[in-house]
Amino acid sequence: MNMESVKLVYFSPTGTTKTVARSIAQGINPGSLESIDITSPDARKQPLLTSENELLVVVVPVYMGRVPALLTEWLNALQAHDTPTVCVVVYGNRAYEDALLELKNIVTKCGGIPIACAAYIGEHSFSSSERPVAQGRPDKDDLSHAEAFGRKIREKLESISSVSQVSDVHVPGVYPYTRDSKLWTVDFIAVNDQCTQCGLCAEVCPTSAVDSQNSSLINQEICITCCACIKNCPQNARSMKPSPVMDASIRLNTLFKEPKQPECFL
Ligand SMILES: Cc1cc2nc3c(=O)[nH]c(=O)nc-3n(C[C@H](O)[C@H](O)[C@H](O)COP(=O)(O)O)c2cc1C
């Protein structure tokens, strides 16, 4: 199959998923690339339609061993009529559990044909200089791996004449999924007096949980604890306060020091 047009979809509050997504696209090296960043709430208002003449690449972070619940409505509305599809998850060096299987199941239900899947490692959303978790990931080796994965996807497509020739790509995970994708409702962000109310935290929040006029006001019902507001603050005015999220970051920092490696399934 001659695949010159790629639609690259990613959700990436703290940027690691986007970095992996771009390296995969670089490896595929298509004639035309459309990036669809679904991190902002506005970007998730439009449904996506794709056709069998293009390649769809969907890259999402792992939340609680699952696809982030926030995305399932948008992903389930995909209309991917026989579109060859690449499913990729990025996780914070703990585990991706059922997330890759879940993503693959969603795109299949929406008409996509999974042709390749992969799991990469990104610095954990809860990582900080005091409690690093997978700090600096994806690193140079991860990104070379992602580019090589992109090249393998191109080779696989070139080796077939139609998507009907693609056999099932087996990925780890179990269905029914082990974990509940519901996130906690938790007060975990401290804002100090370095804050200048520049509003960037509200701008980068993928759920509009941060008040644009008063950055200390956070709607905990819709906050997904992604830490985009903490990591993007130009004044470093935001941090984690003692909370279940801080406890999780302590556990992650202690238990998951051994670097995991990328995996691909073709
Ligand atoms: C609410 C939440 C749950 C997470 N759950 C997991 C998990 O189950 N396993 C894991 O290894 N990492 C987990 N992570 C870490 C992210 O998957 C990881 O840091 C990813 O690289 C973040 O992507 P981003 O930089 O594009 O935002 C979680 C992060 C958040 C915010």
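Residues numbered from 1 in each chain as written. Predicted model: local features only at pLDDT ≥ 70, side-chain atom pairs only at ≥ 80, totals over all residues. Heavy atoms only, no water.

**So, the pairing of strand β1 (residues 5–10)**
This is how it is decided: In this scheme, a residue with accessible area under 20% of its type's maximum is buried, one over 50% is exposed, and one in between is partly exposed, where area comes from a 1.4 Å probe on protein chains only. The numbering of helices and of strands both runs from the N terminus, where a helix is a DSSP run of H or I of at least 4 residues and a strand a run of E of at least 2. Should DSSP find at least two bridges between two strands, the strands are taken to pair. Orient the strands so they point away from the viewer; a crossover is then right-handed if the path from the first strand over the helix to the second runs clockwise.
For β1, the tally of buried residues reaches five of six residues, placing the bulk of the element in the interior. Relative to strand β2 (residues 32–37), β1 is paired through six bridges, and the arrangement is parallel. Considered in β2, the bridge of Lys7 is made with Glu34. The handedness of the β1 to β2 crossover, carried by helix α1 (residues 16–28), is right-handed. With five bridges connecting them, β1 and strand β4 (residues 55–61) associate as parallel partners. Along β4, the bridge assignment pairs Lys7 with Leu56.

**Focus on empty space enclosed by the protein**
Basically, it comes down to this: Every definition here rests on a 1 Å grid over the protein atoms only: cavities are sets of points where a 1.4 Å probe fits but cannot get out, pockets are open sets enclosed by protein on both sides within 12 Å along at least five of seven lines, and lining residues have some atom within 4 Å of a point. Grid points are joined across faces, edges and corners, and a volume is the space filled by probe spheres set on the points. Polar here means any residue outside two lists: the nonpolar Ala, Val, Leu, Ile, Met, Phe, Trp, Tyr, Cys and Pro, and the charged Asp, Glu, Lys and Arg; Gly therefore counts as polar.
All chains considered together, the criterion is met by four cavities of 30 Å³ or more. Reported here for the largest cavity is a volume of approximately 100 Å³. Lining the largest cavity are 14 residues; nearest its centre among them are Cys205, Val210, Cys223, Cys226 and Cys229. Across the lining of the largest cavity, the residue classes tally to twelve nonpolar, two polar and no charged. As for the second largest cavity, its lining consists of Cys195, Thr196, Gln197, Cys198, Gly199, Leu200, Cys201, Ser215, Cys233, Gln235, Ala237 and Arg238. A per-class count over the lining of the second largest cavity returns six nonpolar, five polar and one charged.

**Things to note about the sheet that holds β1**
Rule in force here: Lines fitted to C-alpha atoms define the axes, with helix axes restricted to the stretch in contact, and inter-axis angles between N-to-C directions lie between 0 and 180 degrees.
In space, the six strands of this open sheet follow the order β2-β1-β4-β6-β7-β10, with mixed pairing throughout. Two strands close off the open sheet at either side, each with one partner strand: β2 and β10 (263–265). Neighbour-to-neighbour, the strand axes of this sheet turn through a mean angle of 15 degrees, independent of strand direction.

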